[in-house]
Amino acid sequence: MEGEVTLNYSVLDFGFSFLGLAFFLVDIVLDIWAAVHFYQEGDFIYLGLLVTMLAGSSVLGQLFSWLWYRYEDWETRTSTEGSVSKRVLQVLHIFQLGVYIRYAGVLEVAVRSFFPIKKRDSVNVAVYLSHDLSLLRLFEAFSESAPQLVLMLTVMLQTGDWQDPVTVLKAVGSASAIACSVTLYHRSLRSFLTDKAKPGPVSSLLYFICNLLLIFPRLAALALFAYAQPCYIFAHFLCCWAVLFFLAWRCGTKFMDSSAGEWLYRATVGLIWYFSWFNVSGGRSVYHGVLYHAWMLLDQLLLCGLAFWQTHKAPCITGGLLSPDTVAVMGGVVVAVYVSGLLVKVLYYKRFHPKLGEPSTDTKKPLQLPAAGDFTDGGEEDRGLGDYTEVDFMEPPLVEMLTGGGEEVGRVKRPVNRRMQHLAQNFYS
């Protein structure tokens, strides 16, 4: 069919999907290990904080997954998802297991995309589903992994384990997993923009490095402040989150299909902004990014400065494990690493970022997605629709009457993943 578009899903994308699943499984094991460790050490306050983080993050992810299924009238697009009924799928979300079905579905269509049978359809569905999954992983990274790493770094400073190279490497590895989630989200969005060049391995690697250099010092600064001012870290979070939540509302986000879901999304954006940059609005996003990173740099200077002041003024409160000079050196390293991350990010956007280029003349060309029957295995295809269904970006489903051969044929325009397209346009604006 003329104008037919096939979404991009390469071997590298499949590798990243598998890597994301591996990180997901490792993260579960590490969560269990951390909980057991706190229990054996008798640190029940830390254990309570950890369990609260895990439960809150799980509820948040399952809630988004639930809403997205509900917006699509619980339509399933893979045989894995279709193997359970609507009622069972709802029960799985209640028991915090619904996201696992999404993981299984993405892996299913990713594997099928490398077989000649329905390869084109599987590729399109793989990109469609992997975006929602990558976004859920991003939510989990900043609602669970990032706060948990701050907690672990704080414990390291309080116990002196920060001097152990193996422990430090574990912390860097945890931060790398968070940066990997951001990179996966970045590639997922780019896969959706079929008329734009995709980031290559070097580009993705540099993007991963710059995010690692920006996220890890942020977490370290929060841990340093929590070590010196444990009673004020929650006040810092609530005050910053309230401001960021207000800014997310002022951006006028239109991501979810319900008012309650949109407020939940804005609250989640505020949480992500507390740790890392996340573009949610179009226009000249470079100005938003510059203002955000300037604020983050000032905030980290403030956090490190207050930690130094506290250890110098009242070392007995912090236990005296870290001298003021040591805290000053740590704070300087944190700020220096963050500045280096900003420099790497500038390098990425100047030399390695896939340029959007000038708008093409056929921007109104509809995207072709598989028809209803092609989304599931064994589904009966609507033969009146043909192999593909035309979809106009950002438009609701409608029926267009086409005249051909003297008779009218009803052609249904099925919606594309609006969340994917909307965020992709904002992210690369």
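Residues numbered from 1 in each chain as written. Predicted model: local features only at pLDDT ≥ 70, side-chain atom pairs only at ≥ 80, totals over all residues. Heavy atoms only, no water.

### Some remarks on the overall build of the protein chain
Across its full length, the protein chain carries 13 helices and four strands. Total accessible area on the protein chain is roughly 20,300 Å²; 67% of this is exposed by carbon and sulfur atoms. (Helix = DSSP H or I, 4+ residues; strand = E, 2+ residues; numbered from the N terminus. Areas by Shrake-Rupley, 256 points an atom, 1.4 Å probe, with all protein chains shown as cover.)

### Here we look at the confidence of the model for the protein chain
The predicted model of the protein chain averages 76 in pLDDT, with 69% of residues at 70 or higher. Low pLDDT (under 50) marks residues 1-8, which in the prediction has 33 contacts with non-local residues, meaning those over four places away or in another chain. Low confidence marks residues 356-415, where pLDDT is under 50. Its contacts with residues over four positions away, or in another chain, come to 116 contacts. (pLDDT = per-residue confidence, 0-100. Contact = heavy atoms within 4.5 Å.)

### Let's talk about the packing of aromatic side chains
Under the definition given, this model contains 20 aromatic pairs. Ring centres of Phe64 and Phe139 lie 4.6 Å apart, and the angle between their planes is 35 degrees; on these two criteria the pair is classed as tilted. Remark: Phe139 occurs in helix 6 (residues 119-159) and Phe64 occurs in helix 2 (residues 44-71); sequence separation between them is 75 residues. The same class applies to Phe64 as to Phe139, namely buried. In this structure an aromatic cluster arises from ring pairing among Phe64, Trp68, Phe139, Phe255 and Tyr265. (Phe/Tyr/Trp six-rings, centres within 6.5 Å; stacked < 30°, edge-to-face > 60°. Buried < 20%, exposed > 50% of the residue type's maximum accessible area, 1.4 Å probe, protein only.)

### Focus on the pattern of salt bridges
Throughout the structure, instances matching the rule amount to four salt bridges. When the shortest N-O distance is used, the salt bridge between Arg102 and Asp132 registers 3.9 Å. One end of the pair, Arg102, is in helix 5 (residues 98-112); the other, Asp132, is in helix 6, and 30 residues separate them in sequence. Residue Arg102 is classed as buried on the basis of its relative accessible area, which comes to 7%. Classification of Asp132 by relative accessible area gives buried; the value is 2%. Salt-bridge contacts for Arg137 lead to Glu140; the nearest nitrogen and oxygen are separated by 2.5 Å. Of this pair, Arg137 and Glu140 both sit in helix 6, three residues apart, which is roughly one turn of the helix. (Salt bridge = Lys/Arg side-chain N within 4 Å of Asp/Glu carboxyl O.)

### Focus: helix 9 (residues 233-250)
Helix length check: helix 9 (18 residues) gives 26 Å between terminal C-alpha atoms against 26 Å at 1.5 Å per residue, within 8%. Among all positions of helix 9, only Ile233, His236, Cys240, Leu244 and Ala248 are buried. Buried residues of helix 9 fall within an arc of 90 degrees about the axis and therefore sit on the same side. For helix 9, the exposed residues lying more than 90 degrees away from the buried face are Leu238, Cys239 and Arg250. The inward-facing, buried residues of helix 9 abut helix 8 (201-228), helix 10 (259-273) and helix 11 (285-313). Positive backbone phi, approximately 65 degrees, marks Gly252, located one or two places after helix 9. (Expected span 1.5 Å × (residues − 1). Arc of directions from axis to C-beta.)

### A short note on unusual backbone geometry
A positive phi angle, close to 55 degrees, is found at Asp73, a residue other than glycine. By secondary structure assignment, the location of Asp73 is in the loop between helix 2 and helix 3 (79-82). Despite not being glycine, Gln96 shows a phi value in the positive range, around 65 degrees. As for its position among the elements, Gln96 is in the loop between helix 4 (86-94) and helix 5.

### Looking at the packing of helix 2 against helix 4
Two quantities define a packed helix pair, namely the angle between the axes and the distance from one axis to the other. Their axes nearest at 9 Å, the elements helix 2 and helix 4 cross at an angle of 160 degrees. Viewed along their axes, helix 2 and helix 4 adopt a mutual orientation that is roughly antiparallel. Remark: the crossing between helix 2 and helix 4 carries left-handed chirality. Along the contact surface, helix 2 presents Gln62, Ser65, Trp66 and Tyr69, while helix 4 presents Leu89, Gln90, Leu92, His93 and Ile94. Taken together, the residues of the contact of helix 2 with helix 4 break down into five nonpolar, four polar and no charged. (Axes fitted to C-alpha atoms, helices over the stretch in contact; angles between N-to-C directions. Parallel < 35°, antiparallel > 145°, perpendicular 65-115°, else oblique. Left-handed = near helix turned anticlockwise from the far one by under 90°. Nonpolar A, V, L, I, M, F, W, Y, C, P; charged D, E, K, R; others polar.)

### Focus on helix 10
With 15 residues, helix 10 ought to run about 21 Å at 1.5 Å a step, and its terminal C-alpha atoms sit 21 Å apart, in line with that. Regarding helix 10, the residues found buried are Gly261, Glu262, Tyr265, Arg266, Thr268, Val269, Gly270, Leu271, Ile272 and Trp273.

### Some words on the environment of Val346
Within the secondary structure, Val346 is located in helix 12 (residues 324-352). Note: C-alpha distance between Val346 and Cys210 (136 residues apart in sequence) is 9.1 Å.

### A look at the packing of helix 9 against helix 10
For the pair helix 9 and helix 10, the least separation of the axes is 8 Å and the interaxial angle reads 130 degrees. The orientation of helix 9 with respect to helix 10, classified from their angle, is oblique. Crossing hand, helix 9 versus helix 10: right-handed. Contact residues: helix 9 offers Phe237, Trp241, Leu244, Phe245, Leu247, Ala248 and Trp249, while helix 10 offers Trp263, Arg266, Ala267, Val269, Gly270, Leu271 and Trp273. Taken together, the residues of the contact of helix 9 with helix 10 break down into twelve nonpolar, one polar and one charged.

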